[in-house]
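Residue strings, one per chain:
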Amino acid sequence: MPTATPEPAGPRPPVRDPEAPRRVTLLELFFDLVYVVALALTSRYLVGEVRWERAAESLIILMAIWWTWAITTLVTDLYDPQRPEIKLLVVTVMFGALLMTTAIPEAFGARGLVFAGTYVAIHLGRGLFLMPAVRRHPQTRRRAIRIFVWFAVSAVPWLVGAVAAHGAARLWFWAGALAIDYLGFRLAYPVPGLGSVPDAQRKVTAEHLSERYQQFFIIALGDAVLVSGTVFSLHHSEVENIAAFTTAFGTTLLLWRIYVHKSGELLPDAIARSTQPSKFLNTAPYTHLLMVAGVVTTAAGFDLVLLEPTGHTPPAWLAVILGGPALFLAGRAAFEYEVFSRVSLSRPGGVLALLSIAPALLFLAPVYASLGAMLVLAGVAGADHRRSRGRPPEEPAPPH
């Protein structure tokens, strides 16, 4: 009687079981706590000195922090987060992200090497950890090698910018490094001799990935709530204070409502129905980054208004107060296109409305600028409600 061929000895690689449920684990939620602090410090950094250079630096910081979260989320989607080695990896990245967070206030100053060095260590360390862990799984190992190579290339401008450049020069070095990191992901990490990561290696899970992005957006809203509750000026009348606080809370509530309306609720179904789930993997990090940037900027605007609700509104302040909601609506339009393959007119209409009211708001107090932004968002939310009222639930776009 012939005998069965024995399976190769050795531990099973820590990849996901395709049939296993992919619910978010408590460790992933614990991991997210770091980003509550990171986003709060980023919004504070933006308003520390309101000028265009500071805005560009804040964007670089946010993009770096976001990329550590987004790639780690992808790891927990592709690998089994219940395995001890993946748990260790997540905890290690959490430590690194927290160390990066402590360097945010001086990232473009004395602690640039801590910020950039930790970012590089997180991404290169992940590859050095995963490649031997999946050595018995050739396709997965090649995927890890491709990703490692791209992060090794971007490590050069990260570290050169931290060690040998200052001010605007550091900004350009780091912007170039982030361009490499973001482009590598979009192109599926092509490497000479290995090619790009094949689509079969880029499959995502609707339930897990959509839930993780939704959770991060809630974390971003938490920054807005934190500002509203902690930055409360004592140098103005109670009426002015409460007016600024109420406007901030109302704006936060509207950001949540506009995000979850239809697209946010149907994202898991849209991913599951698509014949190309990797399409969402390619676009979700960028659309959600834009929305998160909008919320962080809006929270920075709350900081300004709560501290100084009266007087005229400086142009730089107005750019922050109105720019945050505009960024959010732009990202929300792209997010809607992901799910429905169309964009509601209320999204670009809201951006145009914010631009239209800007000149008049220069002559009014900051609290009125904040109120104007809130009313525009209320108009967008109202248009969403009218469009869907009395109609059957809209289905996601058909697979294509």
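Scroll up to find the structure this text is about.
Reference entry: report on the structure contained in this document. (Residues numbered from 1 in each chain as written. Predicted model: local features only at pLDDT ≥ 70, side-chain atom pairs only at ≥ 80, totals over all residues. Heavy atoms only, no water.)

1. A few points about the overall build of the protein
Okay, so step 1: The helix and strand tally for the protein stands at 12 helices and 0 strands.
Okay, so step 2: Put simply, the protein runs from its N terminus to its C terminus through helices and strands in the order α-α-α-α-α-α-α-α-α-α-α-α.
Okay, so step 3: Considering the protein as a whole, with its 400 residues, one finds that 52% of them fall into the buried category.
Okay, so step 4: Long-range contacts, defined as pairs at least 24 residues apart, comprise 81% of the intrachain contacts of the protein with a sequence gap of at least 6.
Okay, so step 5: If you sum the accessible surface of the protein, you get close to 17700 Å²; carbon and sulfur atoms cover 70% of it. (Helix = DSSP H or I, 4+ residues; strand = E, 2+ residues; numbered from the N terminus. Buried < 20%, exposed > 50% of the residue type's maximum accessible area, 1.4 Å probe, protein only. Contact = heavy atoms within 4.5 Å. Areas by Shrake-Rupley, 256 points an atom, 1.4 Å probe, with all protein chains shown as cover.)

2. Notes on the layout of surface pockets
Okay, so step 1: Considered as a void within the structure, the largest pocket measures approximately 460 Å³ in volume.
Okay, so step 2: In terms of lining residues, the largest pocket is bounded by 22 residues, among which Leu-46, Trp-52, Ala-55, Thr-297 and Leu-327 are the most central.
Okay, so step 3: Of all elements in the fold, only helix H1 (26-48), helix H2 (52-78), helix H9 (278-307) and helix H10 (315-340) reach the threshold of two or more residues within the lining of the largest pocket.
Okay, so step 4: No other element matches H10, which puts 7 residues into the lining of the largest pocket.
Okay, so step 5: Across the lining of the largest pocket, the residue classes tally to 16 nonpolar, 5 polar and 1 charged.
Okay, so step 6: Of the domains in this structure, domain 1 (26-200) and domain 2 (206-388) are the two that each give at least three residues to the lining of the largest pocket. (1 Å grid on protein atoms, 1.4 Å probe; cavity = no way out; pocket = protein on both sides within 12 Å on 5 of 7 lines; lining within 4 Å. Points joined across faces, edges and corners; volume = space filled by probe spheres on them. Nonpolar A, V, L, I, M, F, W, Y, C, P; charged D, E, K, R; others polar. Domains from an automatic or database assignment.)

3. Looking at empty space enclosed by the protein
Okay, so step 1: Scanning all chains against the criterion turns up 5 cavities of 30 Å³ or more.
Okay, so step 2: Size it by volume and the largest cavity reaches roughly 230 Å³.
Okay, so step 3: Every residue lining the largest cavity is counted, 21 residues in all, and those nearest its centre are Leu-74, Val-75, Leu-78, Arg-143 and Ile-147.
Okay, so step 4: Residues belonging to the lining of the largest cavity are distributed by class as follows: 14 nonpolar, 3 polar and 4 charged.

4. A few points about a nonpolar patch on the surface
Okay, so step 1: Nonpolar side chains collect at one region of the surface, where Ile-218, Phe-245, Phe-249, Leu-253 and Trp-256 lie side by side and expose about 480 Å² of accessible area between them.
Okay, so step 2: The element that contributes the greatest number of residues to the nonpolar patch is helix H8 (residues 238-273), accounting for 4 residues.
Okay, so step 3: With respect to the helices, strands and loops of the structure, Ile-218 is situated in helix H7 (residues 206-230). (Patch = residues over 30% accessible without salt bridge, like charges linked within 9 Å, V, L, I, M, F, W, Y side chains within 5 Å. Salt bridge = Lys/Arg side-chain N within 4 Å of Asp/Glu carboxyl O.)

5. Things to note about the packing of aromatic side chains
Okay, so step 1: Applying the stated criterion across every chain yields a total of 22 aromatic pairs.
Okay, so step 2: A centroid spacing of 5.9 Å and a plane angle of 45° characterise the contact between Trp-66 and Tyr-213, whose relative ring orientation is tilted. Linking Trp-66 in helix H2 with Tyr-213 in helix H7, this pair joins segments that are 147 residues apart in sequence. No difference in accessibility class separates Trp-66 from Tyr-213, as the two residues are buried.
Okay, so step 3: By way of ring pairs, the aromatic residues Trp-67, Trp-150, Phe-151, Tyr-182, Phe-185, Tyr-189 and Tyr-286 are connected into one cluster.
Okay, so step 4: Lying over the aromatic face of Tyr-45, Arg-54 brings its terminal NZ or CZ to 4.1 Å of the ring centre. (Phe/Tyr/Trp six-rings, centres within 6.5 Å; stacked < 30°, edge-to-face > 60°. Lys NZ or Arg CZ within 6 Å of the ring centre and 35° of its normal.)

6. Points about the pattern of salt bridges
Okay, so step 1: Inspection of every chain in the model, using the stated rule, returns 11 salt bridges.
Okay, so step 2: The residue Glu-49 makes a salt bridge to Arg-51 at a minimum N-O spacing of 2.9 Å.
Okay, so step 3: A relative accessible area of 39% means that Glu-49 is categorised as partly exposed.
Okay, so step 4: A residue is classified by how much of its surface remains accessible, and Arg-51, at 31% relative accessible area, is partly exposed.
Okay, so step 5: Ionic pairing is found between Glu-336 and Arg-347, a salt bridge with its closest N-O pair at 3.6 Å. With Glu-336 in helix H10 and Arg-347 in helix H11 (residues 346-361), the pair connects residues that are 11 residues apart, well separated along the chain.

7. Describing the packing of H1 against H2
Okay, so step 1: Where H1 meets H2, the closest approach of the two axes is 9 Å, and the angle between their N-to-C directions is 170°. Accordingly, the angle class assigned to the pair H1 and H2 is roughly antiparallel. Where H1 approaches H2, its residues Glu-28, Phe-31, Asp-32, Tyr-35, Ala-38, Leu-39, Thr-42, Tyr-45, Leu-46 and Gly-48 are matched on the opposing element by Arg-54, Ala-55, Glu-57, Ser-58, Ile-61, Leu-62, Ile-65, Thr-68, Trp-69, Thr-72 and Thr-76. (Axes fitted to C-alpha atoms, helices over the stretch in contact; angles between N-to-C directions. Parallel < 35°, antiparallel > 145°, perpendicular 65-115°, else oblique.)

8. A short note on the packing of H2 against helix H4 (residues 112-133)
Okay, so step 1: Running from N to C, H2 and H4 point in directions that differ by 15°, and their axes come no closer than 11 Å. With respect to each other, H2 and H4 are oriented roughly parallel. Considering the relative orientation of H2 and H4, their crossing is left-handed. Here H2 contributes Ile-61, Ala-64, Ile-65, Trp-67, Thr-68, Ile-71, Thr-72 and Val-75 to the contact with H4, which in turn contributes Phe-115, Tyr-119, Ile-122, His-123 and Arg-126.
Okay, so step 2: For the contact of H2 with H4, the class distribution of residues is 9 nonpolar, 3 polar and 1 charged. (Left-handed = near helix turned anticlockwise from the far one by under 90°.)

9. What about the nonpolar core?
Soluble globular proteins tend to pack their nonpolar side chains together in the buried interior.
Okay, so step 1: Tyr-35, Trp-66, Phe-115 and Trp-158 are the most contacted members of the largest nonpolar core, which has 109 residues in total.
Okay, so step 2: Considering every element that reaches this core, the biggest residue donor is H2, with 14 residues.
Okay, so step 3: Here this core spans two domains, and each of domain 1 (26-200) and domain 2 (206-388) adds at least three residues to it.
Okay, so step 4: With residues near it in sequence (within four places) discarded, Trp-66 still touches Tyr-182, Tyr-213, Phe-216, Pro-285, His-288, Leu-289 and Val-292.
Okay, so step 5: Among the nonpolar cores identified, the runner-up in size contains 6 residues, and Leu-46, Val-47, Ala-300 and Val-320 belong to it. (Core = buried A, V, L, I, M, F, W, Y, C linked by side-chain atoms within 4.5 Å.)

10. Observations concerning the environment of Pro-325
Okay, so step 1: Looking at where Pro-325 falls in the secondary structure, it is placed in helix H10.
Okay, so step 2: Note: C-alpha distance between Pro-325 and Ala-373 (48 residues apart in sequence) is 7.0 Å.
Okay, so step 3: When residues no more than four places from it in sequence are discounted, the contact partners of Pro-325 are Gly-294, Thr-298, Leu-354, Ala-373 and Leu-377.

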